[in-house]
Each structure stands twice: as C-alpha cells, then as structure tokens.
Amino acid sequence: QVQLVESGGGLVQAGGSLRLSCAASGSIFSINFMAWYRQAPGHQRDMVALITSSGTTNYAESVKGRFTISRNNAKDTVYLQMNSLKPEDTAVYYCSTDYGYSRRAWGQGTQVTVSS
C-alpha cells in the first residue's frame, strides 16, 4: 500500500509561481510512476504532469513550458513547480501513483487558486 499527502497549495496572483509537494509512504519501492492531476469545478480530473520510475516526464499541453515535475533522490517525494500561473490553472491538485501491479493511490488534494 502507498499513501500520498499533498502540500503547498494556496492563493497566488496570475503570473506568479507555486510549488506543490507530494510525500509518499508505505510500499514506495513498488512505485511505477507518479503524477499530478487537477480537477476544477464541473470538470473531470485531468493529468497535468507525470514522471516515470526512470525519470521520463510528460506534460499536458496546457502546462507545457510552465510546469515542471521532479522527484527527490529517495523517490519518496514528487514536486510540481508551477510558473507563470493563469486563472485557468485554478483547481484542486491531486498527487497519484501507479504502483505494484497496476494499482493506484491518490492524495487528498490541495487547492490552488490563481487570481485574475
């Protein structure tokens, strides 16, 4: 089992920056990839950024060039550096992981609000 806890959300003005953190605990050595998702009111939960066990990254087109996903050396924490934030980035951001044999775990979410 893997447990995830997000932190770092908050209120920021358009054009500002924010860094989210996701701390993993449990069977972290079985993690296949970790990712950030976001969900705005009335919208589905969409993938924002993903990092594989080998370090390969993928980004949604809407955040490419502005957001960066990374890990610490122990691979138990994943970060999302968000720059040049826009009001449309406002959402609850969730950390998620695929681990073991295609199992999934989710964090509780952290609110990011970007003012106009």
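Structure's up top.
The structure displayed is predicted, hence computed values, not measured ones.

What counts, and where the lines are drawn
- Residues numbered from 1 in each chain as written.
- Predicted model: local features only at pLDDT ≥ 70, side-chain atom pairs only at ≥ 80, totals over all residues.
- Heavy atoms only, no water.
- Core = buried A, V, L, I, M, F, W, Y, C linked by side-chain atoms within 4.5 Å.
- Buried < 20%, exposed > 50% of the residue type's maximum accessible area, 1.4 Å probe, protein only.
- Helix = DSSP H or I, 4+ residues; strand = E, 2+ residues; numbered from the N terminus.
- Contact = heavy atoms within 4.5 Å.
- Pairing = 2+ DSSP bridges.
- Axes fitted to C-alpha atoms, helices over the stretch in contact; angles between N-to-C directions.
- Salt bridge = Lys/Arg side-chain N within 4 Å of Asp/Glu carboxyl O.

J.: Which residues make up the nonpolar core, and what values do they have?
T.: Among the nonpolar cores identified, the biggest contains 30 residues, and Met34, Trp36, Leu80, Met82 and Tyr93 are the most heavily contacted of them. For this core, the secondary-structure elements that each account for two or more residues are β1 (2-7), β3 (18-26), β4 (31-39), β5 (46-52), β7 (67-71), β8 (77-82), β9 (91-99) and β11 (110-115). Once you skip the residues sitting within four places of it in the chain, Met82 turns out to touch Gly16, Ser17, Leu18, Leu20, Arg66, Phe67, Tyr93 and Val112.

J.: How would you explain the sheet that holds β1 if you had to name every residue and give the values?
T.: Ordered in space as β1-β3-β8-β7, the four strands form an open sheet in which the pairing is antiparallel. Here the strands that pair on one side only, and so sit at the sheet edges, are β1 and β7. Adjacent strand axes in the sheet meet at a mean angle of 15° when their direction is disregarded. Inspection of the sheet shows β7 paired to β8 by five bridges, in the antiparallel sense. Looking across to β8, one finds that Ile69 is bridged to Leu80.

J.: Give a detailed account of the pattern of salt bridges, specifying residues and quantitative values.
T.: In total, this model carries three salt bridges according to the counting rule given. Put simply, Asp89 and Arg66 hold a salt bridge, and the shortest N to O gap is 2.8 Å. With Asp89 in the loop between β8 and β9 and Arg66 in the loop between β6 (57-59) and β7, the pair connects residues that are 23 residues apart, well separated along the chain. Each member of the salt-bridge network shares a partner with another, and the members are Arg38, Arg66 and Asp89.

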